[in-house]
Every structure is written in structure tokens, then in C-alpha cells.
Amino acid sequence: MNHIAPGRNAGVYSYDDIDRRFVAERVEQFRAQVERRLSGELTEDEFKPLRLMNGLYLQLHAYMLRIAVPYGVLTAQQLRKLAEIGRKYDKGYGHFTTRQNLQFNWIKLEDTPAILHELAEVDMHALQTSGNCVRNVTTDQFVGAARDEVVDGRVYAEILRQWTTLHPEFTFLPRKFKIAIMGSDADRAAIRVHDVGVFAKRNERGEVGFTFYVGGGLGRSPFIGKLVRDWVPEEDFVAYLEAILRVYNQYGRRDNIYKARIKILVHELGQEKFTQEVEEEFARLRGPKYRLAPEVVDEIRRRFGGPAYETLTDEPESFQAAKAANPDFARWVAVNVLAHKVPGYAAATISLKPAGGIPGDATSEQMELIADLADAHSFGELRVSHAQNLVLAHVRQDELFTLWTALEANGLGTPNAGLIGDIIACPGLDYCALANARSIPLAQAISARFADPARQQTIGELGIKISGCINACGHHHVGAIGILGVDKKGEEFYQITVGGDPTLTTAIGDILGPAVTADETVDAIEAIVEVYLSNRHDGERFIDTLKRVGHGPFKERVYAAH
Amino acid sequence: MALSDKSRNEAVLKAITANRLRDGEVIFLAPGSGWVERLDDAALFEDSAAETALAAAKAQAEGEQFAVDVYTFDLRVVDGQRVPVKTRERIRALGPTVRIDLGKQAAA
Ligand code: HEM
Ligand code: SF4
């Protein structure tokens, strides 16, 4: 195999030969499995779990391939490869997901081994993107860059990737298992709605430790993760997770798929009993085998390398002048750009949510353009956010204007990160075999209705999240406004929830009233926004106003015509 | 045209669909034998005949490794057009509603 693996300075973990050999072996193993399926040696029932282990689902129109983007970090070269695969084997586009992965919608089974082989050339794969295993660990899209970061979560996410990949006890868990890690006070990874949410922090002595929340989740029965331990020292990081997974493996409900997630176990045992079980298991297995030695952590940190930052100062003159001369640029900076830990740099969000567009979709041409921009302005590295956008995390402030100009010229300069137009939406009934209703057309109609950037900025932080069925892939439960597609006697209807919150103050939204049609939903959102604007006090976000005034006024207005 | 519209139940017919194993393409059982890519070319069944035809199609699909996920769905013939009762099957027969440049609808 030709390795065209990423360079050292990108801040992306560099694989070693063992990693590469393993991925290559898995490709060849799957190639043989596909051959045996096509020749009839394997039945569909035998083959299906094997293809799922390689990220290959069967959807409405074709196979769907889910490609892992470990903790959402990519090199420009990897993105170019994804663009190439999109063009060669799919229909020229891909879909970035809330789990920081990429999905192709039109894949052929017979092409899949070749695709996986090409992915392996750039150290990519589709492992752990499906099935009852530990899935791709997700984290902050600004990891390693944000000024408010306390601990670099990538390092621990990578440790988990290595530790879980071939772990025999984690190959047949009762159900899928999702872990999210956050290393700053602002929770940008929705950690408390994951099976395990890890909050990395430092004590007074500067040592790294972790708070563990367990049993969060969305789907049919949403739960907020319970605090299981406030401080797990770094050296016990792996041991403690192993203990949690062992308790889950032992007691998880394998008899009932709807009760198989760890959230149900934590709920049924209760926080106290569950914690006690974990602590006992932890006490048993703690020892040299599970100790995460500082040298190991250092070595992994080293393998990430680090961008070679220059010594700069914040707000250089040219940057200030560009903002003063160009209000559109200034707006994009205000909305889409975040402070960087290194002076003179910034992290820029590239919105994949143009007004009326399909959330998270990017064409091969766009991917190539963004890859070139990542090379030019961000050390050849970029990230996928759980909000389905892309991020260039280390841009010099004096290069932001050049970057924005290129994005803007290609329809990628939408200034709406975190605003009402930045809608999270699952594929829904346009692609997904499990859907009850379409999600994308609704997202398009809403973002078109609120297209005016000035109005969006006036409305401020307001996340709309849409799922096409109760599985909640679009995180609707934690949307400030959530929308769930339901099927009423063959017709698509939408249930609106309000007050969801994906950050550390996690809340599951409440149902506002009876489900309405798609057209009525767009009007309802408009009505909700109007009620908010006419009631808000200075500095209040939508969810703050909602908390203060209650559902009453919103409900009244939305259902006034009914 | 909702499924709940019981008054028109007589007009509901069935077709048999699947995905082609090697590429996932949506296919329909053809009259006689074999599979076709367009709903317009598919065999239609009265309710009573559909189950037998489905069993035969499943056995054949398994034996020849040609099709997976074989099942029946309801449709009506409205002004000479075959219209699946459920949105899901309409979207399968045409392609994503948000990308009318793609899928079967694009080649139509
Ligand atoms: C199109 C094929 C897909 C299928 C068949 C599928 C299937 C499912 C199922 C069955 C669940 C519920 C699991 C449970 O409650 O135990 C689920 C949850 C979830 N999926 Fe998907 N999904 C698909 C696409 C996506 C996409 C595109 C995303 C990202 C945008 C995604 C992200 C999630 C998330 C975030 C959850 C909820 C979190 C949780 O696991 O509790 N899925 N999915
Ligand atoms: S929420 Fe439902 S419709 Fe949306 S992608 Fe998940 S399974 Fe499909």
C-alpha cells in the first residue's frame, strides 16, 4: 500500500506501523468477506454484522458508508481524499454528521473494499462507526486551540481509541457506546448526553484529572448523565473507564434492545448503586496493568506534534482595518471566529449551513477548496464540529480577511455559527431507512426564512435541532428549539420542543403542544422567536427568557390559530 | 393521499421491492421474473397474491445473491401514474426530495 500519510507539524496524531498494519489487515479481511457474500458463501444474515463493523449500512437508495474522523480532527490531505472518494465512488458530495464523522450516501457494496483501501492510504477507516462497540470518541471542535481550554482532550480521546479498538471485552457490548470528552468550562461536546461524558480539568497543583458523567443519552428515552465521580486522577483514566464498561457488560440489558443502553442500567440501578458497583470494580482492577503512565501520555501528546506558531500579538492593525472597512467581514468575525490560546491566532468556523442549504453537506469541490485553505492558513489541519460545520482552528488573525474572502466567494462565508440558521439536522426520510419524516427540507425552509444575517445576529444564540425519528440523531432533545418528525397515518408531522440545552447545564426540551405540519412548523418557529424578542431582557438568551416567562406565552402564540 | 383513506382501499395494489446486493440500487420485481429499476416496469399484485409472490421472490433473492431486504409496499394507480401510498416508498422510487438531480428521478 502507498502511504501518503500526514506530515508531522499538522497537530494530527501520526499513526505508527502497528496502526497501519492493523487497518490494512481489516481492509483485506473485509475484501474477502465481500467476495464471499457476493459469491453466496455468506448469507445476508451472516454478512450484515460484518459490513456494519466496517461502517457500511443499507439505506433507502443505496449503501451508506460512515467514515470515522477520530475526535473530529482531519488533515487537509485526508479531506482531499474524501473529496476524491466522493467524486469517484459517490455522487460528488458527503454529509458531515453530529458525531463528527462523514457519511457517503450512494456507495456500492462492490466498491467498498477499494474505498477502504484508499482511505487507509491516508490513515483513515470506518471502524467503530457502527455496531455495539465503543464508537468514535467525540470532543470539542476547538480542542487544542481554544483560549478557554484547560486540558487538551485529543490526547485522551486518542488513548481511548487505542485502548478500545481491539479490546476483546468491548467487541460485543450490550449496545453501542458513545464517549465525549471536554477540556474547558464551556461544554461544546454535549458530554452529558453521552453514555460516558468526561470532563477533563486540573487541580490546584496543575495535575490532570477527570469528572465522569455516566448514563446520558438521547433517542427514545433521553437521560442526562449522572455524576459518578468528580475526580479521577490521570493515571486511573483507563482503569476507571474499564470499570464502567465492565459493570455495563455484566448488567446491561442484552434481552431488550430498547433497554440495552447504559443509560437504562444507570437509571434502573440508581446513581448510588451504579457508582458503588463501578467503585468496587475499579478497586479490584486498579494496578500496574491499567495504570496510565505519564510517559505514555507524553508520547501520545508528542505524536500529535503541534503547529509551529509564530510570535504574534492579538488584533493586528491590518485585521482591525479590514473589520472597519468591511461590515460583512466584521460580522463573520463576530459570529464565526473564536479566540485562540496563542496570541495573534483565531479559530474560524466554516458554516456548512447556507440559507436554504442542506445542513452538513459539502461537495467534493468545496472539500478541496477547504483543504487548500487549511493548507494555506491553518497548518493543513481542520476539524468537523458536532454542529456539522468545519473549523480551521489555527488561523493568523492577519490572514482572516484573505480566508473569509475566499470562503465568501465560494458560498462558504455564512455568518451563522451558533445562530438560528446553524441548524443541526439528521438525514431524515430523504435518505434514512428508519425515518418517520423528512428533516432536511424543514431545515432548509427555516434557514431560508431566517436568512437575513442581521436578524439572526439580533436573535442571538438559538440552536434548532431536527431529527426525523425518535432515534434523535439530530439531537432534537437538547435543541433550544427541537423538532422531531413523526408519522401520523402516513403523513409527516413535527413535534416541537423548547428549552433543551446541550451544555453542562444540560436540559431535555419540553413538548410545546400537538404536532404540526411542516409549513406550520416554520410559522411556529417564527412565532416563538417573536415572543422571545418581545419578552427578552437585556442580555438574555432564548433559553433564559423561556425559563423566566415559562412556556405559556409561546404556546399561546404558536397554537393561537388552532 | 393518506393511507387512512379507507374509501379507496379497493384501489390499493402491491409491488415487491428490494435493494440490489452488489450496489444497493432500489429494485422492483418484474412481471414474469427478474428485477427492474423503475417502479413503472414493476409487477403489480392484488393483496391476496402478494404474499405468495413475496415468498417466492425472497427465496429467489437468497438463492441468487441478487437482492436484499425484500418486502411489499402499497401503491395506487392515479391517472395512469403509480403512486406509492407512503412517502417513504415514494422517495425510494424517485430519490431524495432535496436533491432532485439525483437518484431515479434524475434519469427520468
Ligand atoms: C442514516 C443512518 C442512520 C441510522 C440507521 C441511525 C441509527 C440510529 C439509532 C438506531 C439510534 C438510537 C440508538 C439508541 O437509542 O440506542 C441513533 C442515535 C443517534 N445517532 Fe444515528 N443513525 C443514522 C444516522 C445518523 C447521523 C447522520 C448522525 C449524525 C448526524 C447520527 C448520530 C446519532 C446520534 C447523535 C444519536 C443519539 C445519541 C445516542 O446514541 O443516544 N446518526 N442512530
Ligand atoms: S433520527 Fe431517525 S431519521 Fe434521523 S438519521 Fe437517525 S434514525 Fe434516521
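Residues numbered from 1 in each chain as written. Chains lettered and ligands numbered in written order. Predicted model: local features only at pLDDT ≥ 70, side-chain atom pairs only at ≥ 80, totals over all residues. Heavy atoms only, no water.

- Within an unreviewed UniProt entry, the label attached to chain A reads Sulfite reductase (NADPH) hemoprotein beta-component, and the organism entered is Azospirillum brasilense.

**Looking at the coordination of the iron atom of ligand 1**
Okay, step 1: Looking at the protein side alone, the iron atom of ligand 1 has one donor only, A:C473 (SG), at 2.2 Å.
Okay, step 2: In this structure, A:C473 sits in the loop between β17 (464-467) and β18 (481-488). (Donors = N, O, S within 2.8 Å, 3.2 Å for Na, K, Ca; no water. Helix = DSSP H or I, 4+ residues; strand = E, 2+ residues; numbered from the N terminus.)

**Focus on the pairing of strand β19 (residues 491-498) of chain A**
Residues and elements named next belong to chain A.
Okay, step 1: Most of β19 sits out of view: 6 of its 8 residues are buried.
Okay, step 2: Bridge count between β18 and β19: 8 bridges; the pairing is antiparallel. Bridge pairing in β19 links G485 to Y494.
Okay, step 3: Here β18 hands over to β19 after 2 residues, with K489 in that stretch at a positive phi of 50°.
Okay, step 4: In terms of strand pairing, β19 meets strand β20 (residues 510-511) through 2 bridges, oriented antiparallel. (Buried < 20%, exposed > 50% of the residue type's maximum accessible area, 1.4 Å probe, protein only. Pairing = 2+ DSSP bridges.)

**Here's the deal with the sheet that holds strand β14 (residues 381-384) of chain A**
What links the strands of a sheet is backbone hydrogen bonding, and the strands pair in either a parallel or an antiparallel sense.
Residue and element names in this part refer to chain A.
Okay, step 1: The sheet built from 5 strands is open, its strands ordered β3-β14-β15-β12-β11 with antiparallel pairing. Whereas interior strands pair on both sides, the edge strands pair on one side only; in this sheet they are β3 (73-75) and β11 (337-339). On average, each strand axis in the sheet is inclined to that of its neighbour by 30°, with strand direction left out of account. (Axes fitted to C-alpha atoms, helices over the stretch in contact; angles between N-to-C directions.)

**A look at the pattern of salt bridges**
Residues and elements named next belong to chain A.
Okay, step 1: Applying the stated rule across the entire model yields 60 salt bridges over all chains.
Okay, step 2: Here E268 makes a salt bridge to R253, at a shortest N to O gap of 3.6 Å. Of this pair, E268 sits in helix α7 (residues 262-269) while R253 is found in the loop between α6 (237-251) and α7, placing the two residues 15 residues apart along the sequence.
Okay, step 3: Overall, the relative accessible area of 45% leaves E268 in the partly exposed class.
Okay, step 4: R253 sits in the partly exposed class, given a relative accessible area of 24%.
Okay, step 5: In this structure, the salt-bridge partner of R557 is E530, at a minimum N-O distance of 2.8 Å. (Salt bridge = Lys/Arg side-chain N within 4 Å of Asp/Glu carboxyl O.)

**Observations regarding the UniProt feature "domain: Nitrite/sulphite reductase 4Fe-4S" (unreviewed entry) in chain A**
Okay, step 1: Mapped onto the present numbering, the UniProt feature "domain: Nitrite/sulphite reductase 4Fe-4S" (unreviewed entry) falls at residues 130-283 and 423-558 of chain A.
Okay, step 2: As a span, residues 130-283 of chain A carries 32% helix and 18% strand, and end to end its C-alpha atoms are 31 Å apart. (UniProt positions renumbered as here; feature names shortened; annotations may be inferred.)

**Comments concerning the site of ligand 1**
Residues and elements named next belong to chain A.
Okay, step 1: Close to ligand 1 lie 20 residues, the nearest being T97, T98, K178, R261 and C473.
Okay, step 2: A distance of 2.7 Å separates an oxygen atom of ligand 1 from a polar atom in the side chain of K178.
Okay, step 3: Here an oxygen atom of ligand 1 sits 3.1 Å away from a polar atom, N or O, in the main chain of L218.
Okay, step 4: Its residues assigned to classes, the shell around ligand 1 comprises 7 nonpolar, 7 polar and 6 charged. (Near = heavy atom within 4 Å. Polar contact = N/O pair within 3.5 Å; in protein donor to acceptor, adjacent residues only side chain to side chain. Nonpolar A, V, L, I, M, F, W, Y, C, P; charged D, E, K, R; others polar.)

**Side note on the side chain of A:S351**
Residue and element names in this part refer to chain A.
Okay, step 1: Position of S351 among the secondary structure elements: in the loop between β12 (345-350) and β13 (361-363).
Okay, step 2: With a relative accessible area of 0%, S351 lands in the buried category.
Okay, step 3: A polar atom in the side chain of S351 sits 2.8 Å from the side chain of N416.

**Brief notes about helix α12 (residues 364-377) of chain A**
Residue and element names in this part refer to chain A.
Okay, step 1: Relative to the 20 Å expected for 14 residues at 1.5 Å per residue, α12 spans 20 Å between its end C-alpha atoms, a close match to the ideal helical length.
Okay, step 2: By the burial criterion, the buried members of α12 are S364, M367, I370, A371, L373, A374 and H377.
Okay, step 3: Taken from the residues just after α12, F379 is the one with a positive phi, measuring 55°. (Expected span 1.5 Å × (residues − 1).)

**Some thoughts on the confidence of the model for chain A**
Okay, step 1: When the pLDDT values of chain A are averaged, the result is 92; 98% of them are 70 or greater.
Okay, step 2: A low-confidence stretch, residues 1-9 of chain A (pLDDT under 50), is modelled with 27 contacts involving residues beyond four sequence positions or located in other chains. (pLDDT = per-residue confidence, 0-100. Contact = heavy atoms within 4.5 Å.)

**Quick look at the site of ligand 2**
Okay, step 1: Around ligand 2, the neighbouring residues are A:C426, A:P427, A:G428, A:C432, A:L434, A:A435, A:S467, A:G468, A:C469, A:N471, A:A472 and A:C473.
Okay, step 2: A class-by-class count of the residues in the shell around ligand 2 yields 8 nonpolar, 4 polar and no charged.

**Thoughts on the packing of aromatic side chains**
Okay, step 1: One pass over the structure, following the stated rule, counts 21 aromatic pairs over all chains.
Okay, step 2: For the ring pair A:F212 and A:Y240, a centre distance of 5.1 Å and an interplane angle of 55° mean the geometry is tilted. Separated by 28 residues along the polypeptide, A:F212 in strand β9 (residues 208-214) and A:Y240 in helix α6 bring together distant segments of the chain. For the pair A:F212 and A:Y240, a shared accessibility class is recorded, and that class is buried.
Okay, step 3: The cationic tip of A:K91 hangs over the ring face of A:W106; the distance from NZ or CZ to the ring centre is 4.9 Å.
Okay, step 4: The ring centre of A:Y93 lies 4.5 Å from the NZ or CZ of B:R99, which sits over that ring. (Phe/Tyr/Trp six-rings, centres within 6.5 Å; stacked < 30°, edge-to-face > 60°. Lys NZ or Arg CZ within 6 Å of the ring centre and 35° of its normal.)

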